[in-house]
Amino acid sequence: MLFRSLHSGEGPIWAVEWRGTLIAWANDAVSGLRPLLTQEGTDKWRRQGVRIYDTSSSQRITYISRAEDSPRADLFKCTLHWQDDRTLLIAWADLIKVAVVKSREGKRGQLGVGPAATELFVEVASIFQVDCMISGIAPHGDSYLILAYHTEETFDNEATENRDEQRRKAGSRPELRVISKDGEELSSDALSLRNYDRFQCRDYSLCPAPTDDSFYVISPQDIVVAKPRDETDHIAWLIEQRMYEKALEALESSGLTGLDGFDITEVGKKIGRAHV
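Every value quoted in this text rests on a predicted model; they were computed, and no experiment measured them.

Novice: Is there a simple way to explain the environment of Y216 in this structure?
Specialist: When you line up the elements, Y216 lands in strand β16 (residues 215-218). The spacing of Y216 and S205 is eleven residues in sequence and 8.2 Å in space, taken between C-alpha atoms. Here Y216 is in contact with S205, L206, C207, A209, I223, V224 and V225, once residues within four sequence places are set aside.

This is the structure we're talking about:
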């Protein structure tokens, strides 16, 4: 068996995803850019971000940088997921990037000095920010499913012995959220996980099931299976969130009334009271 190093010398690699001929990974130990003295005595830059490698050409085809104002990378790790053979979802802290791998004519073909071979390049199709930290991301129909984690305060001194600071650093209950492709929240569910107050954003992960539309939420002490909501669940969530106008629209279009536990008249009254 032969071994070949694709990347080294720029900090620990915590996230790796392989799809077809493309391998994506993220290194997260170096803050910003700083010079590094190599064995040859020359300077190079240690960069914190995501790289994609094409095994068919044995070349790295892109580097996607991490936002300079991001919080500590060791506490809020990058998560990667290939939506399809050419689309990579990148979630790091509270930022989501959608990277698309495309083809173009190679430089030798453009100069007319060789065959018109194609080469791969990457275009970041969209970037948006959410109001939470992200422990995991996956496609969900025409939307995205994220494992969301709320942080109220952060402290530079993680080894503090101050009891007040320690109490404020208790873990939050993670949530599963469905968001649109521009970051709008469509639904959310708080998860009942054992001892969640002991864990942080980096301790959770989200894994799509290989055979159906289910997802696995993994914590240090639990594995929870999450399945998609049906229309009844969605309407109940809209009412719970006091989004009565959207609930009424969904109720009227679904035909779920009476025996399904929904009353159009009552929802209409709630809309009226909300505007008083």
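On we go from here.
Novice: I keep staring at the sheet that holds strand β2 (residues 22-27) and nothing clicks. Help me out?
Specialist: What holds strands together in a sheet is hydrogen bonding between their backbones, with the strands either parallel or antiparallel. Pairing is antiparallel in the open sheet, where four strands are placed in the order β1-β2-β5-β6. Each end of this open sheet is capped by a strand with a single partner; those strands are β1 (13-19) and β6 (59-65). Neighbouring strand axes in the sheet, compared pairwise and without regard to direction, differ in orientation by 15° on average. Sheet topology places β1 next to β2; six bridges connect them, and they run antiparallel. Residue E17 lies in a different strand from β2, and its bridge partner there is A24.

Novice: Whenever I open this one, the packing of helix α3 (residues 231-240) against helix α4 (residues 244-254) confuses me. Can you help?
Specialist: A pair of packed helices is characterised by two quantities: the angle between their axes and the separation of those axes. Contact geometry of α3 with α4 gives a least axis separation of 8 Å together with a crossing angle of 155°. Judged by the angle between their axes, α3 and α4 are roughly antiparallel. Taken as a pair, α3 and α4 cross one another with a handedness that is left-handed. When α3 is examined against α4, the residues E231, I235, L238 and I239 are found in contact with a partner set consisting of Y244, K246, A247, A250, L251 and S254.

Novice: For this particular structure, what's the right way to read the sheet that holds strand β8 (residues 87-92)?
Specialist: A sheet is described by the order of its strands in space; here four strands give the open sequence β7-β8-β9-β10, paired in antiparallel fashion. Two strands lie at the open edges of the sheet, namely β7 (78-84) and β10 (118-129), each paired on one side alone. Each adjacent strand pair in this sheet contributes to an overall mean axis angle of 25°, direction not counted. Two strands pair when backbone bridges link them, and β7 and β8 are joined in this way by six bridges, in the antiparallel orientation. When the sheet's bridge partners are listed, H81 is paired in β8 with L89.

Novice: Can you help me understand the pairing of β2 in this one?
Specialist: Consecutive side chains along a regular strand alternate between the two faces of the sheet. With respect to burial, β2 is a largely interior element, six of its six residues being buried. Burial along β2 is two-sided: L22, A24 and A26 facing one way and I23, W25 and N27 facing the other are all buried. What sits between the antiparallel neighbours β1 and β2 is a turn of two residues, in which G20 has the positive phi angle 60°. Strand direction decides the pairing type here: β2 and strand β5 (residues 49-54), joined by six bridges, are antiparallel. Across the sheet, residue A24 finds its bridge partner in β5, namely I52.

Novice: Can you help me understand the packing of aromatic side chains in this one?
Specialist: Aromatic ring pairs: the centre-centre distance and the angle between the two ring planes describe each pair. Scanning the entire structure with this criterion turns up three aromatic pairs. Relative to Y144, the ring of F128 lies with its centre 6.4 Å away and its plane at 15°, an arrangement referred to as stacked. Residue F128 is found in strand β10, and its partner Y144 is found in strand β12 (residues 143-149); the two are separated by 16 residues along the sequence. For the pair shown, F128 and Y144 are each scored as buried. Plain terms: the ring middles of Y149 and Y204 are 6.4 Å apart, the flat faces sit at 35° to each other, and that makes the pair tilted. In this pair, Y149 is assigned in strand β12 and Y204 in the loop between β14 (185-190) and β15 (205-208), connecting sequence segments 55 residues apart. Taking the relative accessible area as the measure of exposure, Y204 reaches 4% and is therefore buried. Here the aromatic residues Y149, F199 and Y204 are joined through ring pairs into a cluster of three or more.

Rules used throughout
- Residues numbered from 1 in each chain as written.
- Predicted model: local features only at pLDDT ≥ 70, side-chain atom pairs only at ≥ 80, totals over all residues.
- Heavy atoms only, no water.
- Helix = DSSP H or I, 4+ residues; strand = E, 2+ residues; numbered from the N terminus.
- Contact = heavy atoms within 4.5 Å.
- Pairing = 2+ DSSP bridges.
- Axes fitted to C-alpha atoms, helices over the stretch in contact; angles between N-to-C directions.
- Parallel < 35°, antiparallel > 145°, perpendicular 65-115°, else oblique.
- Left-handed = near helix turned anticlockwise from the far one by under 90°.
- Buried < 20%, exposed > 50% of the residue type's maximum accessible area, 1.4 Å probe, protein only.
- Phe/Tyr/Trp six-rings, centres within 6.5 Å; stacked < 30°, edge-to-face > 60°.

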